[in-house]
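Below, each chain spelled out in residue letters.
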Amino acid sequence: MDKLREEKIQKFEDFVDRRLKPDLVRAIAERDKVFEQQKVLYPLVMPFISDLRKNLENLEKNSITSLRSMVNLGSEVYAQADVPDTRHIFVDVGLGFHVELTWSEALKIIPAREERLARQIEEYTRLIAQIKAQIKMVSQGIRELLQLPEE
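The structure presented is a predicted model; accordingly, all values stated were derived computationally and were not measured.

J.: Where do I start with the side chain of Thr-86 in this structure?
T.: Among the structural elements, Thr-86 can be located in the loop between strand E2 (77-83) and strand E3 (88-94). The buried category is assigned to Thr-86, whose relative accessible area is 2%. Sequence-distant contacts of Thr-86, that is, excluding residues within four places in its chain, are made with Ile-64, Thr-65, Ser-66, Leu-67 and Trp-103.

So, in structure tokens, the structure goes:
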């Protein structure tokens, strides 16, 4: 193989290893963070967004005004919590801010939050697919330079 071809192959391999693969790892990590946001302890006592909606609807339907629950303090350490007034809850609205909302107000913002998270997941999934396609295309170029048969 001539020197020029070897240099081209080396440049393509470096591009894949130093640029595309780290970009892929970052995009997957960012998408995983968004998946975790869907699962994170959303308001004070309710664990998942879909569970939040169900729990709020149950509280409202059954006119429950106080609650006793276990709260995850972090690292799977739980403490018992007494909620004397469930008519207002604190909802994480992002960037470390929590807003006190009534049940109906909380139920109104849940769909918007779910939609935003779904859009972010879709965007990262699309980016991941693009990066994988680029890696495949560069790998195909390397294969052609090496004159290897297609897999």
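Let us keep going from here.
J.: What should I look at first to understand the nonpolar core in this one?
T.: Looking at soluble globular proteins, one finds that nonpolar side chains tend to be buried together. Grouped together as the largest cluster of nonpolar side chains are 11 residues: Ile-9, Val-16, Leu-20, Leu-24, Ala-27, Ile-128, Ile-131, Ile-135, Val-138, Ile-142 and Leu-145. Every element with two or more residues in this core is listed here: helix H1 (3-39) and helix H3 (103-145). Broken down by element, the residue count for this core peaks at six residues, all from H3. Setting aside its immediate chain neighbours within four residues, Ile-131 contacts Leu-20, Asp-23, Leu-24 and Ala-27.

J.: Where do I start with the pattern of salt bridges in this structure?
T.: Opposite charge on two side chains lets them pair, provided their charged atoms get close. A complete count under the given rule lists nine salt bridges for this structure. Where Asp-82 meets Arg-68, a salt bridge forms, and the shortest distance between an N and an O atom there is 2.7 Å. Linking Asp-82 in strand E2 with Arg-68 in strand E1 (residues 67-74), this pair joins segments that are 14 residues apart in sequence. Look at Asp-82 and you get exposed, because its relative accessible area is 52%. A salt bridge links Asp-85 to Arg-87; the shortest N-O distance between them is 2.8 Å. You can call Asp-85 partly exposed: its relative accessible area is 31%. Among the charged side chains, a salt-bridge network with shared partners connects Arg-19, Asp-23 and Arg-26.

The rules behind these values
- Residues numbered from 1 in each chain as written.
- Predicted model: local features only at pLDDT ≥ 70, side-chain atom pairs only at ≥ 80, totals over all residues.
- Heavy atoms only, no water.
- Helix = DSSP H or I, 4+ residues; strand = E, 2+ residues; numbered from the N terminus.
- Buried < 20%, exposed > 50% of the residue type's maximum accessible area, 1.4 Å probe, protein only.
- Contact = heavy atoms within 4.5 Å.
- Core = buried A, V, L, I, M, F, W, Y, C linked by side-chain atoms within 4.5 Å.
- Salt bridge = Lys/Arg side-chain N within 4 Å of Asp/Glu carboxyl O.

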